[in-house]
Amino acid sequence: MPVKRLLVFCVLLLLPTLQTSAQTADYSLRDLATANDLYIGTAAWAYHLDDETHQRIVYDFFNMLTPEHEAKFCVVQNREAVFDFRAMDRIVNFAESLDLVPRGHTLLWHQCEGAWLTGQDLSRDQAIDFMRDHIYTVVGRYKGRIAMWDVVNEAIDGSRRRQTQWQQWIGDDWIDLAFQFAHEADPDALLFYNDYGAEGLNAKSDAVYELVSGMVERGVPIHGVGLQMHITAGATRDTGSLPPEALAANMQRLGELGLDIHITEMDVNYRSDTTDTILQRQAADYRRVLEVCLDSEYCKAFITWGVTGRYSWLRGRDDGNPNVEPLLFDNDYSPQPAYFAILDLLARRAGFEPVLSDAEVTRMMGEPPPPQIVIPPPSMSDPDQLAPDPVPGLVYYAPTNVTITLDGETDDWANVPRVSVDEALYMPDDAPTAFDFAVAADNTHLYFLAEVRDGSIVQGLHPTSDWWQEDGVEFYLNTTSNLEANAYAPGIVQIGILAANITGPETPLIGGGNSADAQVEVVAIETEEGYLIEAAVPLETDVWNIEPDHEGVLGFQAHLNSASVQDRDAKMIWSLHDTEDQSYANPSLFGQLIFWDVTS
Ligand code: XIL
């Protein structure tokens, strides 16, 4: 600890603790982190530092600083061989002048690699030369000044290698080479692989584990894994998609490979209005993640993706909540409950007076689970209908022994119950959308119908990895006996079916977790109002054997993605449990599909 800091720290220890209302002055978050042997960091764009309040919070509260965008390929080398380090230098100089450790983020990321490079037809050797040159120049410039780099960002998509341009030009060893080059450029720098959605135990974190353990085995100079931690409020509850035990177990297995763990980009999103309840839930998430980090001998840094909601990247996204407060400080730089939650934990862990009372902590951490919803007994309002009425957002009764042909015609669906989803999680006023769906089975297949009202079909504009950015419907199934499962496993699938299937491709255009397992067949047609999708999945595949017995239950969910111009700007969700668009991560948020044999 530098002398100046040490003095501040000693003074702080002598201060009496104040009441919780004035807390920012009680302890220094930064010094408490240091006392816990932890880096506490934040990310900033250089221009955020034009704002003095912002500057002050960065150096008052944090001891590590990540450039939010400035070190990326498309910024530093947006034209071939023309390097521009002005913005990056500002961040690094600022950090150094105030004893903040600058963190290098990131050398290679598929979303920001310079238009001049994208789409080029390169040989393996040419691509390796470009990569080496970029990494040598960037890491070399900050040699001895930037002590840790996220070398490769987000190279796993689902549970497989992302088909990045480097992957295509160079092949599987592109990641090893990138680390090798970074190591050659600065042999003392610690080198990280960084990704999102790989925090807990799931198919993606297994894939990341495999990637980095292979690298360790091959002697590639990798020193750590960055867990981005872009999560949604409530994720770390035991019933959420990131239970603390899973995070701890993942850190443990990565740590045992000899790797450090950094929480690199934490923010906690939500779709609802900003209420006390949601902020308490969010604070609990921050605290649980920090707690797991402090408990792990491998977790060395806890970094939030920005300081204030004002500049959060989550607000700016097409599908973002424009008012979300996902960080430790709110739009006006007031500390949020999450700030006090982590300050208190750091204080307690370092043996200082708590910041929050035990009662406040209990209230924060013990928010009761949502009330159990009671499903009414089946009832049939229309005698011609082949199954009982759907229970909105909870149960869909799917008739069995129905004859359906995949032909884009709906006459065979006539008496199958229909659900209209017209409430959106978000949707532009000038481009409304809605959809109806129905599900039925015969003795070989499960059939889905979706009729979408959509004034502008956006299709074919995105790479397959971003399939959900454009128009399409998603059906989800949990065919396992564990309908409470909160992570994807074999037999649980998200089947995103794109409107782009209208073009009649040979293999259906689909996406989503485990979707390849579903062997889905699709017919899509444009209609007067929008488009229609009919799809079938076999009752028996390599991974499941669905028996459509009367009253048999599957986990089931239906979503609509809609883009009116380019990226998704509307989302509609059938199941009531999924209020945050988390079904892709957490199948316990599905509703139920109950088979109904009208002859029984
Ligand atoms: C984001 C920044 O927050 C945005 O301001 C920028 O426009 C795009 O990049 N995962 C990452 C980060 O690793 O680099 C991304 O940062 C957010 C997702």
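Quick notes on the rules
Residues numbered from 1 in each chain as written. Predicted model: local features only at pLDDT ≥ 70, side-chain atom pairs only at ≥ 80, totals over all residues. Heavy atoms only, no water. Near = heavy atom within 4 Å. Polar contact = N/O pair within 3.5 Å; in protein donor to acceptor, adjacent residues only side chain to side chain. Areas by Shrake-Rupley, 256 points an atom, 1.4 Å probe, with all protein chains shown as cover. Helix = DSSP H or I, 4+ residues; strand = E, 2+ residues; numbered from the N terminus. Expected span 1.5 Å × (residues − 1). Buried < 20%, exposed > 50% of the residue type's maximum accessible area, 1.4 Å probe, protein only. Pairing = 2+ DSSP bridges. Salt bridge = Lys/Arg side-chain N within 4 Å of Asp/Glu carboxyl O. Axes fitted to C-alpha atoms, helices over the stretch in contact; angles between N-to-C directions. Parallel < 35°, antiparallel > 145°, perpendicular 65-115°, else oblique. Left-handed = near helix turned anticlockwise from the far one by under 90°. Contact = heavy atoms within 4.5 Å. Nonpolar A, V, L, I, M, F, W, Y, C, P; charged D, E, K, R; others polar. Core = buried A, V, L, I, M, F, W, Y, C linked by side-chain atoms within 4.5 Å. Phe/Tyr/Trp six-rings, centres within 6.5 Å; stacked < 30°, edge-to-face > 60°. Lys NZ or Arg CZ within 6 Å of the ring centre and 35° of its normal. pLDDT = per-residue confidence, 0-100.

Details of the site of the ligand
Here comes step 1: Taken together, 13 residues lie around the ligand, and Glu-68, Lys-72, His-105, Asn-153 and Glu-265 are the ones closest in.
Here comes step 2: Between the ligand and Trp-45 there is a distance of 3.0 Å, counted from an oxygen atom to a side-chain nitrogen or oxygen.
Here comes step 3: With respect to the ligand, the side chain of Trp-305 contributes an N or O atom lying 2.9 Å from an oxygen atom.
Here comes step 4: For the ligand, the protein covers 83% of the area, taking 410 Å² as the surface of the free molecule.

What about helix 11 (residues 276-295)?
Here comes step 1: Counted at 1.5 Å a residue, the expected span for helix 11 with its 20 residues is 28 Å, and the 28 Å between its end C-alpha atoms agrees.
Here comes step 2: In terms of burial, helix 11 is a largely internal element, 16 of the 20 residues being buried.

Looking at the pairing of strand 16 (residues 433-441)
Here comes step 1: Among the nine residues in strand 16, nine count as buried, and that is most of the element.
Here comes step 2: The two faces of strand 16 match: Thr-433, Phe-435, Phe-437, Val-439 and Ala-441 on one face and Ala-434, Asp-436, Ala-438 and Ala-440 on the other face are all buried.
Here comes step 3: The turn linking strand 16 back onto strand 17 (residues 445-454) is made up of three residues.

So, the pattern of salt bridges
Here comes step 1: All told, the structure shown has 30 salt bridges when counted by the stated rule.
Here comes step 2: Across the pair Asp-319 and Arg-568 runs a salt bridge, and its minimum N-O distance is 3.0 Å. Pair noted here: Asp-319 is in the loop between helix 12 (313-316) and helix 13 (337-349) and Arg-568 is in strand 24 (residues 568-573), with a separation of 249 residues, a long-range link. An identical accessibility class is assigned to Asp-319 and Arg-568; each is buried.
Here comes step 3: Asp-344 is the salt-bridge partner of Arg-348, the closest N and O atoms lying 2.8 Å from each other. Taken together, the residues Arg-348 and Asp-344, both in helix 13 and four residues apart, mark about one turn of the helix.
Here comes step 4: Ionic contacts of the salt-bridge type, sharing partners, join the residues Arg-317, Asp-319, Glu-474, Arg-568, Lys-571 and Asp-581 into one network.

What about the packing of helix 13 against helix 14 (residues 358-365)?
Here comes step 1: It is the contact of helix 13 with helix 14, at a shortest axis distance of 12 Å, that shows an interaxial angle of 125°. Considered as vectors, helix 13 and helix 14 are oriented oblique to each other. In this structure, helix 13 crosses over helix 14, and the sense of that crossing is left-handed. Facing helix 13, whose interface residues are Pro-337, Ala-341, Asp-344 and Arg-348, helix 14 presents Asp-358, Val-361 and Met-364.

What to know about the packing of helix 9 (residues 203-217) against helix 10 (residues 244-255)
Here comes step 1: Running from amino to carboxyl end, helix 9 crosses helix 10 at an angle of 10°, the nearest separation of the two axes being 10 Å. By the angle between their axes, helix 9 is roughly parallel relative to helix 10. In contact with Ser-205, Asp-206, Tyr-209 and Val-212 of helix 9, helix 10 contributes Asn-250, Arg-253 and Leu-254.
Here comes step 2: Here the residues of the contact of helix 9 with helix 10 are counted per class, giving three nonpolar, two polar and two charged.

Quick word on the nonpolar core
A general trend in soluble globular proteins is that nonpolar side chains are found buried together.
Here comes step 1: With 114 residues, the main nonpolar core has Trp-149 and Trp-166 as its most contacted residues.
Here comes step 2: At ten residues, the largest contribution of residues to this core is made by helix 11.
Here comes step 3: Not counting chain neighbours up to four residues away, the residues in contact with Trp-166 comprise Phe-73, Leu-108, Glu-113, Leu-117, Ala-127, Phe-130, Met-131, Gly-171 and Trp-174.
Here comes step 4: Formed by 47 residues, the second largest nonpolar core is a distinct cluster that contains Val-493, Tyr-531, Ala-535 and Leu-539.

Some words on the packing of aromatic side chains
Here comes step 1: Under the counting rule described, the total for this entry stands at 26 aromatic pairs.
Here comes step 2: Measuring from ring centre to ring centre gives 5.9 Å for Phe-83 and Phe-85, while their planes differ by 10°; the resulting arrangement is stacked.
Here comes step 3: Given the relative accessible area of 8%, Phe-85 is considered buried.
Here comes step 4: Among the aromatic residues, those joined into a ring-pair cluster are Tyr-396, Phe-435, Phe-437, Phe-448, Phe-475, Phe-556 and Trp-574.
Here comes step 5: Lying over the aromatic face of Phe-192, Arg-103 brings its terminal NZ or CZ to 4.9 Å of the ring centre.
Here comes step 6: Note that Lys-204 overlies the ring of Tyr-196, its terminal NZ or CZ placed 3.6 Å from the centroid.

Some remarks on the sheet that holds strand 21 (residues 521-526)
Here comes step 1: Spatial ordering of the open sheet is given by 14-16-17-22-21, a layout of five strands whose pairing is antiparallel. The sheet is open, and its two borders are formed by strand 14 (419-421) and strand 21, each paired with just one other strand. Each neighbouring strand pair of the sheet contributes to a mean axis angle of 15°, computed without reference to strand direction.

As for the environment of Asp-121
Here comes step 1: Positionally, Asp-121 belongs in the loop between strand 4 (104-109) and helix 6 (124-141).
Here comes step 2: Residue class for Asp-121 comes out exposed when judged on its relative accessible area of 75%.
Here comes step 3: Put simply, Asp-121 and Trp-169 are 48 residues apart on the chain and 8.0 Å apart in space, counted from C-alpha to C-alpha.

Concerning the confidence of the model for the protein
Here comes step 1: Averaged over every residue, the pLDDT of the protein is 93; residues scoring 70 or more account for 96%.
Here comes step 2: In the model, residues 1-25 has pLDDT below 50 throughout and makes 40 contacts with residues more than four positions away in sequence or in other chains.

Details of unusual backbone geometry
Here comes step 1: Cis peptide bonds are those with omega within 30 degrees of zero, and the linkage from His-105 to Thr-106 qualifies with -5°.
Here comes step 2: Take Thr-106: it is sitting in strand 4.
Here comes step 3: The residue Asp-37 is not glycine, and still its phi comes out positive at about 60°.
Here comes step 4: Its location among the elements puts Asp-37 in the loop between helix 2 (29-35) and strand 1 (39-44).
Here comes step 5: By relative accessible area, which is 69% here, Asp-37 ends up exposed.

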